[in-house]
Amino acid sequence: VVEPEYDGIYYINDSIFLFNRDGVCGVARISGEVVSTFNKVVSATSWPLLVQVGNGLVFVNPDGKRFSQESYDEARGFSEGLAAVCKQGLWGYIDREGKLVIPCQFKKAGSFSDGYAVVDKSGTGLPSDYGYIDKTGKFILTAKDIKKVLKIKTKKFNISPFIKGQAVVVAEENLQREYFLINKEIKVLNRNLNGAPNYLGQGVWGIPNSNNGLYSVDSWRLMDS
């Protein structure tokens, strides 16, 4: 039903598909009619699809048409109904109707996971500006809160998105790293981790074994939730 004339195709439904041909990406009908074209697909994890048109990023619906006339400097795919977008160096969030529901105010912003997103308002990692926001844009947990509860004094500090109610906190001092697995109440579930936990799914975390900071990629421990 589709002639073999494309460099690559990706099934959407029985009516349309994504294609790549001669360096051009786009959406076409099964009949071969091209609905729209763009430079490249940036994120195909969910719809609307994030694509590059010219020097900007836009979102398109499954029919290939832009769901909003807005163009962004940077953006992330939709997650939990919201997408992080960046204009003039500041990040905010839009909903599936293209409405800016959280104003562009963050220097860094991640996708939503478990109802929270990791953001950095100043971009410098200041404990009061770095942490988790909810879908109203309100800070729920800041790095300052987490450091206080965990009694961490190091300045180099990193937090991961929540997955199934759990997140990884990394504190580094003099090239020595300490890993914590916490829940949303900042209760420490495990602090005796000698490697960075990686969520594998089904409530299972994988932890690479390490020896003096050198990780073995073929030697792992498994930890339940």
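This text gives an overview of the structure that appears in the document.

1. Notes on the overall build of the chain
Then comes step 1: What the chain contains, in helices and strands, is one helix and 22 strands.
Then comes step 2: Counting the 225 residues in the chain, one finds 42% classified as buried.
Then comes step 3: Put simply, the chain shows about 12,700 Å² of open surface, and 49% of that area lies on carbon and sulfur atoms.
Then comes step 4: A gap of 10 Å separates the mean positions of the 27 positive and 24 negative side-chain charges of the chain.

2. Focus on unusual backbone geometry
Then comes step 1: Phi at E80 is positive, roughly 55°, even though this residue is not glycine.
Then comes step 2: If you trace the backbone, E80 turns up in the loop between β8 (74-75) and β9 (83-87).
Then comes step 3: Phi is positive for D114, which is not a glycine, with a value near 60°.
Then comes step 4: Examined against the element boundaries, D114 turns out to sit in the loop between β12 (108-109) and β13 (117-120).
Then comes step 5: When its relative accessible area of 26% is taken as the criterion, D114 is described as partly exposed.

3. Some thoughts on the sheet that holds strand β6 (residues 49-53)
Then comes step 1: Reading across from one edge, β5-β6-β7 is the order of the three strands in this open sheet, with antiparallel pairing throughout. In this open sheet, the two strands that pair with only one neighbour each are β5 (40-43) and β7 (56-60). Shown here is a sheet whose adjacent strand axes are inclined to one another by a mean of 40°, direction ignored.

4. A look at the environment of S128
Then comes step 1: By the secondary structure assignment, S128 is in the loop between β13 and β14 (130-133).
Then comes step 2: For the pair formed by S128 and E5, sequence separation is 123 residues and the distance between their alpha carbons is 55 Å.
Then comes step 3: Setting aside anything within four residues of it in sequence, one finds S128 in contact with T142 and K144.

5. A closer look at the nonpolar core
Then comes step 1: One finds Y132, I146, F157, I159, V169 and I182 to be the most contacted residues of the largest nonpolar core, which totals 18 residues.
Then comes step 2: Grouped together as the second largest cluster of nonpolar side chains are 12 residues, L82, Y93, F106 and F112 included.

6. A closer look at the side chain of D120
Then comes step 1: With respect to the helices, strands and loops of the structure, D120 is situated in strand β13.
Then comes step 2: Buried charge without a salt bridge: D120, with K108 as the nearest opposite-charge side chain at an N-O distance of 4.9 Å.
Then comes step 3: Engagement of the side chain of D120 in a polar contact is seen with the backbone nitrogen of G123, the distance being 2.9 Å.

7. So, the pattern of salt bridges
Then comes step 1: Taken as a whole and assessed by the stated rule, the structure comprises seven salt bridges.
Then comes step 2: Residue R29 pairs with E33 through a salt bridge whose shortest N-O separation is 3.2 Å.
Then comes step 3: Judged by relative accessible area, which is 34%, R29 ranks as partly exposed.
Then comes step 4: Here the salt bridges do not stand alone but share partners, grouping K156, E172 and R177 into one network.

8. Some details on the sheet that holds strand β17 (residues 166-173)
Then comes step 1: Strand order in the open sheet made by the four strands is β16-β17-β18-β19, with antiparallel pairing throughout. The sheet is open, and its two edges are formed by β16 (156-159) and β19 (188-193), each paired on a single side. If you compare each strand with its neighbour and ignore which way they point, the axes differ by 20° on average.
Then comes step 2: In terms of strand pairing, strand β18 (residues 176-183) meets β19 through three bridges, oriented antiparallel. Looking across to β19, one finds that L181 is bridged to N190.
Then comes step 3: Lying over the sheet, helix α1 (residues 143-150) contacts β16, β17, β18 and β19, oriented at roughly 105° with respect to β16.

9. Description of α1
Then comes step 1: Those residues of α1 that fall on the buried side of the exposure criterion are A143, I146, K147 and L150. Down the axis of α1, the smallest arc covering the buried residues is 95°, so these residues share one side. Turned more than 90 degrees away from the buried face of α1 sit K144 and K148, all of them exposed.
Then comes step 2: Residues of α1 that are buried in the fold lie against β14, β15 (139-142), β16, β17, β18 and β19.
Then comes step 3: With its phi angle positive at about 60°, K151 sits one or two positions after the end of α1.

Analysis parameters
Residues numbered from 1 in each chain as written. Predicted model: local features only at pLDDT ≥ 70, side-chain atom pairs only at ≥ 80, totals over all residues. Heavy atoms only, no water. Helix = DSSP H or I, 4+ residues; strand = E, 2+ residues; numbered from the N terminus. Buried < 20%, exposed > 50% of the residue type's maximum accessible area, 1.4 Å probe, protein only. Areas by Shrake-Rupley, 256 points an atom, 1.4 Å probe, with all protein chains shown as cover. Lys, Arg positive; Asp, Glu negative; His and termini not counted. Charge placed at Lys NZ, Arg CZ, Asp CG, Glu CD. Pairing = 2+ DSSP bridges. Axes fitted to C-alpha atoms, helices over the stretch in contact; angles between N-to-C directions. Contact = heavy atoms within 4.5 Å. Core = buried A, V, L, I, M, F, W, Y, C linked by side-chain atoms within 4.5 Å. Salt bridge = Lys/Arg side-chain N within 4 Å of Asp/Glu carboxyl O. Polar contact = N/O pair within 3.5 Å; in protein donor to acceptor, adjacent residues only side chain to side chain. Arc of directions from axis to C-beta.

Take it as geometry only, folks, not as evidence of what the structure does.
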